[in-house]
Amino acid sequence: MKDKYRATGIEMSVATPASDEEIVVWRNAHLATVAGDRDGLGVVEGGAIVVRGDRIAYVGTDANLPALARGAVQVDLEGRWVTPALIDCHTHLVFGGDRAHEFEMRLAGASCEEIALAGGGIASSVNATNKFSEDELVLQDLPRLDALMEERLSTVEIKSGYGLNVEAELKMLRVARGLETLRPVRVVTTYLAAHAIPSSYRGRNGDYIKDVVIPGLERGRREGLIDAVDGFCENIAFSPAEISKVFDKATAIGLPVKLHAEQLSDLGGAKLAASYRALSADHLECLDEEGAQALAMAGTVAVLLPGAFYTLREKQLPPVQALRNAGTPIAIATDCNPGTSPRTSLLLTMNMAATLFGLTVDECVAGATREAARALGLLHETGTLEVGRSADFAIWNIGRPAELV
């Protein structure tokens, strides 16, 4: 029997592994290990990777292959590049319906407020998502996941947040978990009930948190549906004090947190996230230097989302140099969602991060691999080519990593 190992432009037939411990040697490659410190891509010329079962057992040069490689299945990569598989660390991939009409309205000059008054915005996605069953949502969401995976993605974070009631939020998380059983991908689920305020709770944010967000969080934790907890800290959503109530509960029951922060204004959300040692703070266009330093000190990753910046035609750039100066790790993600970032290409996102935000090629590649893994609390498992990591790697027909960007 034969199994196919696929790389861009080639098919390589090798023996089907006889057991979880079978050894495969991938050799004659340029490796971008993205390991070690944050400078450079950790390039190894004439490189090889030895995989035992589903784990990396060796990364280095062909010339120094260990004894365990003798007699193993050999795959000649013919000088291609190998990077860690890509990771999308911020998506709203599970949703019903679409909001293409809002794009037309925005082109015609409509403001976010005008779109919301016309029934658009997050409320539109909430109404559509609540109408779909779990099976119907899966059918809507799989094409988006497939598009991401075509670009050699191994891991994707998927948020709830378009339900805004306990049952619908948990439905979204069950759909996200289900996608992992349908495709060879690692799914990380994030509970984002504190995304917006439903009309029935308008002006009563505290009641919504007490009646919906906290009970859903507790139940989702019991049912094993939640890997992390998120919130939207903004004038149009929730205040830092309100988010603190959610984060207090999350940390009390052993769940890490992350935060949509400083996208439209500076409410101190990044500093709040840092005070909880959050995995990440995301968007950050309005972040100040003090916030960047707080993130660095807490080890919290700054996740930049150029897709939303582009779609909304924003003018305020995230303070990339301040993040660099502070030593804050920088990740990038698609922010795949129906309204403000309707895109399913992490490679396009890497290009946007470079052209719009001024990130370097190395920062873009690391931001979609190592730092994205860090933003999900998975750096011990994936995101770099290192011994002991999961064998999540991508093979590219390129002459240099800049071609990915």
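Thresholds applied
Residues numbered from 1 in each chain as written. Predicted model: local features only at pLDDT ≥ 70, side-chain atom pairs only at ≥ 80, totals over all residues. Heavy atoms only, no water. Pairing = 2+ DSSP bridges. Helix = DSSP H or I, 4+ residues; strand = E, 2+ residues; numbered from the N terminus. Axes fitted to C-alpha atoms, helices over the stretch in contact; angles between N-to-C directions. Contact = heavy atoms within 4.5 Å. UniProt positions renumbered as here; feature names shortened; annotations may be inferred. Buried < 20%, exposed > 50% of the residue type's maximum accessible area, 1.4 Å probe, protein only. Polar contact = N/O pair within 3.5 Å; in protein donor to acceptor, adjacent residues only side chain to side chain.

Engineer: How would you summarise the sheet that holds strand β11 (residues 228–231) if you had to cite specific residues and measurements?
Structural biologist: If you trace the 4 strands from one edge of the open sheet to the other, you get β8-β9-β10-β11, paired in parallel fashion. A single partner strand is all that each edge strand has here, and the edge strands are β8 (86–88) and β11. Ignoring strand direction, the axes of neighbouring strands in this sheet form an average angle of 20 degrees. The sheet contact formed by strand β9 (residues 153–159) and strand β10 (residues 186–194) spans 5 bridges and is parallel. Each residue of the ladder has a partner; that of I158, found in β10, is T189. Set on the sheet, helix α5 (residues 166–182) makes contact with β9 and β10; between it and β10 the angle comes to about 170 degrees. Those strands touched by helix α6 (residues 205–222) are β10 and β11, and its axis lies near 160 degrees from that of β10.

Engineer: Any chance you could break down the sheet that holds strand β15 (residues 330–332) for me, citing the residues and the numbers?
Structural biologist: Spatial ordering of the open sheet is given by β12-β13-β14-β15, a layout of 4 strands whose pairing is parallel. One side of each edge strand has no neighbouring strand; the edge strands of this open sheet are β12 (258–261) and β15. Between one strand axis and the next, the sheet turns through 25 degrees on average, direction left out of account. The pairing of strand β14 (residues 301–304) with β15 spans 3 bridges and is classified as parallel. Among the inter-strand pairings, V303 is bridged to a residue of β15, identified as A331.

Engineer: So what's going on with the UniProt feature "domain: Amidohydrolase" (unreviewed entry) in the protein? Residues and values would help.
Structural biologist: As annotated by UniProt and renumbered to match this structure, "domain: Amidohydrolase" (unreviewed entry) occupies residues 238–398. In the segment residues 238–398, helix accounts for 42% and strand for 12%; the C-alpha atoms at its two ends are 45 Å apart.

Engineer: I'd like a description of the UniProt feature "binding site: N-formimidoyl-L-glutamate" (unreviewed entry) in the protein, backed by residues and values.
Structural biologist: As annotated by UniProt and renumbered to match this structure, "binding site: N-formimidoyl-L-glutamate" (unreviewed entry) occupies Y162, N337 and G339. A compact arrangement is adopted by the annotated residues: their sequence extent is 178 residues, whereas the largest C-alpha distance between any two is 11.7 Å. Mapped onto the elements, N337 comes out in the loop between β15 and α12 (346–357). Here N337 falls in the buried class, since its relative accessible area comes to 4%. Filtering out sequence-adjacent residues up to four positions away, N337 remains in contact with H92, F95, Y162 and P342. Separated by 2.8 Å, the side chain of N337 and the backbone oxygen of D335 make a polar contact. Mapped onto the elements of the fold, G339 is located in the loop between β15 and α12. Those residues in contact with G339 that lie beyond four places of it in its chain are R99, R106 and T311.

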